[in-house]
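Chain and residue survey
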Amino acid sequence: MVKKLCTQFIFFTLLFCSTTFAQNVIEDLGGGGISNQAPDLAVEKVEKISQSKRIFIITNSNSTFDKGDFISILLGAKLAARALVAKTTEGGIAGIKIVKIYSLALWKRLRDGSEVQILRGDDSYYKLKSERANKDLEDEGVIKSEEDLFNETTLLDDDLSLEENTNRIIKQDNVVSATMATVEGIDNDGSSQRYNQFNIQWAYQLEDNIWGEFSYGQNIIDDFPNPGLQTKMTNITLRAKYTFSAPFFSYIQPYLGYQIIGASSPGAGELDPDNPDIDLDAELQTLENLKKNTVVFGITVLKRLVPGWFIRADLGSDIIGAGFGLEF
């Protein structure tokens with residue numbers, strides 16, 4: 001009899017303890033209470049945000065996360081968005097893709113250069129904290145702001161207009177370049193001569209893969225149009241381009257444009273006491289012959305070096321040259 005009573009006592013004791021333990025676990029996981037200890041947050045910097053605001057380049061200076069991890073972005077210890085780490089580099093930079101928006105207002109505040117807090121893995125602590133705060137403020141059936149129109153874990157569908165424009169071969173709208181080139185001119189006797197010239201270019205993507213480009217070049221020609229004189233030669237060109245993709249991360253851009261060659265030479269056409277026999281009219285005419293306005297055509301080749309940077313080559317009726325380009 002005593003043995004039977006002891007067995008029953010042990011059974012009910014274990015049943016009570018297991019039930020109590022299970023309830024505590026369910027409360028901890030299900031929102032019965034928020035843990036008093038907040039997870040550690042790493043402070044990182046947003047380096048660049050894509051036009052769609054779906055792709056972020058951020059620092060990973062603390063090696064907080066790795067490729068394939070899910071992370072949460074917080075501002076002021078408040079959840080802004082959820083992201084997947086797509087790529088990390090040894091230099092402490094990572095590329096992430098936004099998969100959820102927790103707070104539309106906070107997400108809109110993210111800018112290049114913003115400092116954010118990063119939480120790797122489970123973010124339920126801040127979810128529960130946010131839910132509790134919202135429950136204390138909300139009135140049932142009342143929409144308080146535009147954020148209430150969005151679910152707290154709004155999914156970014158691939159069909160949204162925020163998606164990157166996949167029709168563009170080069171995603172960015174601007175490419176600035178600097179090149180050393182040769183440009184065709186004439187020498188003192190009127191024969192064809194090519195001159196070295198430094199050029200800068202700015203190209204803007206007007207429509208998908210259609211670019212407009214402005215180019216300016218300048219050089220000094222010694223002893224032109226006669227010995228002892230210097231001439232500044234300028235080269236202004238407007239081009240329309242179309243981009244085609246090529247192997248090895250390269251792009252080909254055939255172009256059609258219009259070139260304006262200018263020339264100025266202080267002292268040209270003025271009498272020089274040391275050279276009284278110079279034909280001043282011929283001198284001015286030689287200077288004038290250097291100038292030209294003409295339609296040009298050619299091809300530009302861009303070869304990507306690293307993200308954002310290109311090697312550039314131009315082969316056209318206006319210039320033949322090579323240099324570097326930067327997209328932004």
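What counts and what doesn't
- Residues numbered from 1 in each chain as written.
- Predicted model: local features only at pLDDT ≥ 70, side-chain atom pairs only at ≥ 80, totals over all residues.
- Heavy atoms only, no water.
- Helix = DSSP H or I, 4+ residues; strand = E, 2+ residues; numbered from the N terminus.
- Buried < 20%, exposed > 50% of the residue type's maximum accessible area, 1.4 Å probe, protein only.
- Areas by Shrake-Rupley, 256 points an atom, 1.4 Å probe, with all protein chains shown as cover.
- Pairing = 2+ DSSP bridges.
- Salt bridge = Lys/Arg side-chain N within 4 Å of Asp/Glu carboxyl O.
- pLDDT = per-residue confidence, 0-100.
- Contact = heavy atoms within 4.5 Å.
- Polar contact = N/O pair within 3.5 Å; in protein donor to acceptor, adjacent residues only side chain to side chain.
- Phe/Tyr/Trp six-rings, centres within 6.5 Å; stacked < 30°, edge-to-face > 60°.
- Lys NZ or Arg CZ within 6 Å of the ring centre and 35° of its normal.
- Core = buried A, V, L, I, M, F, W, Y, C linked by side-chain atoms within 4.5 Å.
- Arc of directions from axis to C-beta.

Looking only at helices and strands, the protein features four helices and 16 strands. Counting over 328 residues, the protein shows a buried share of 35%. If you sum the accessible surface of the protein, you get close to 19800 Å²; carbon and sulfur atoms cover 58% of it.

Before going further, it helps to spend a moment on the pairing of strand β10 (residues 210-222). Judged by which residues are buried, β10 turns out to be one-sided: Trp 211, Glu 213, Ser 215, Gly 217, Asn 219 and Ile 221 face inward and are buried, whereas Ile 210, Gly 212, Phe 214, Tyr 216, Gln 218, Ile 220 and Asp 222, on the alternate face, are not. Pairing of strand β9 (residues 192-207) with β10, which is carried by nine bridges, proceeds in the antiparallel orientation. The partner of Asn 199 across the bridge, within β10, is Gly 217. Here β9 hands over to β10 after two residues, with Asn 209 in that stretch at a positive phi of 70 degrees. Bridge analysis of β10 against strand β11 (residues 230-242) gives 13 bridges, and the strand direction is antiparallel. Counterpart to Glu 213 in the pairing with β11 is Arg 239.

This next bit is on the pattern of salt bridges. It is possible for side chains bearing opposite charge to pair when their charged atoms get close. All told, the structure shown has eleven salt bridges when counted by the stated rule. The residue Arg 312 makes a salt bridge to Glu 213 at a minimum N-O spacing of 2.9 Å. Of this pair, Arg 312 sits in strand β15 (residues 309-316) while Glu 213 is found in strand β10, placing the two residues 99 residues apart along the sequence. Using a relative accessible area of 4% as the deciding quantity, one classes Glu 213 as buried.

Predicted coordinates in regions of low pLDDT should not be interpreted in detail. The predicted model of the protein has a mean per-residue pLDDT of 80, with 76% of residues at 70 or higher. With pLDDT under 50 throughout, residues 14-34 is counted as low confidence; its partners more than four residues away or in other chains account for twelve contacts. Low pLDDT (under 50) marks residues 139-164, which in the prediction has 44 contacts with non-local residues, meaning those over four places away or in another chain.

Here the focus is the side chain of Glu 213. Polar side-chain contacts of Glu 213 include one of 2.6 Å to the side chain of Arg 239. Within the local environment of Glu 213, its side chain forms a polar contact with the side chain of Lys 241, the two groups lying 2.9 Å apart. Excluding anything up to four places from it in sequence, Glu 213 contacts Gln 201, Trp 202, Ala 203, Thr 237, Leu 238, Arg 239, Lys 241 and Arg 312.

Before going further, it helps to spend a moment on the packing of aromatic side chains. Counted according to the given criterion, the structure contains four aromatic pairs. Look at Tyr 251 and Phe 310: their rings are 6.0 Å apart centre to centre, the planes differ by 80 degrees, and that puts the pair in the edge-to-face class. You can see Tyr 251 sitting in strand β13 (residues 250-264) and its partner Phe 310 sitting in strand β15, a full 59 residues away along the chain. Given the relative accessible area of 0%, Phe 310 is considered buried. Positioned above the aromatic ring of Trp 107 is the side chain of Lys 53, whose terminal nitrogen or guanidinium carbon lies 5.0 Å from the ring centre. Sitting over the face of the ring of Tyr 255, Arg 239 holds its NZ or CZ atom 4.8 Å from the ring centroid.

Glancing now at the side chain of Gln 259. Looking at the element boundaries, Gln 259 is found in strand β13. Side chain to side chain, Gln 259 and Asn 235 meet in a polar contact 3.0 Å long. In this structure Gln 259 touches Val 183, Asn 235, Ile 236, Thr 237, Lys 292, Asn 293, Thr 294, Val 296 and Asp 318, once residues within four positions along its chain are discounted.

Our next topic: the nonpolar core. Judged by nonpolar contacts, the single largest core of 22 residues is most densely connected at Phe 56, Ile 58, Ile 71, Ile 96, Trp 107 and Leu 110. Listed by contribution, the elements that provide at least two residues to this core are β1 (42-49), β2 (55-59), β3 (70-75), β4 (78-88), β5 (93-101), α2 (104-108) and β6 (115-120). Filtering out sequence-adjacent residues up to four positions away, Ile 58 remains in contact with Lys 45, Val 46, Glu 47, Phe 65, Ile 71, Gly 92, Ile 93, Ala 94, Ile 96 and Ile 118. Formed by 14 residues, the second largest nonpolar core is a distinct cluster that contains Ala 181, Phe 224, Met 233 and Ala 263.

Moving on to helix α4 (residues 280-290). Listed as buried for α4 are Glu 283, Thr 286, Leu 287 and Leu 290. The buried residues of α4 occupy an angular sector of 95 degrees when projected down its axis, which confines them to one face. In this structure, the buried side of α4 is in contact with β8 (174-186), β10, β11, β13 and β14 (292-306).

Moving on, we come to the pairing of β13. Two strands pair when backbone bridges link them, and β11 and β13 are joined in this way by ten bridges, in the antiparallel orientation. In the sheet register, Arg 239 faces β13, and the bridge partner there is Gly 257. Two strands pair when backbone bridges link them, and strand β12 (residues 244-246) and β13 are joined in this way by three bridges, in the antiparallel orientation. Bridged to Phe 244 within β13 is Ile 252. From the end of β12 to the start of β13, which pair antiparallel, there are three residues, and Phe 248 there has a positive phi angle of about 60 degrees. Relative to β14, β13 runs antiparallel, the two sharing twelve bridges. Of the residues in β14, the one forming a bridge with Pro 254 is Ile 299.

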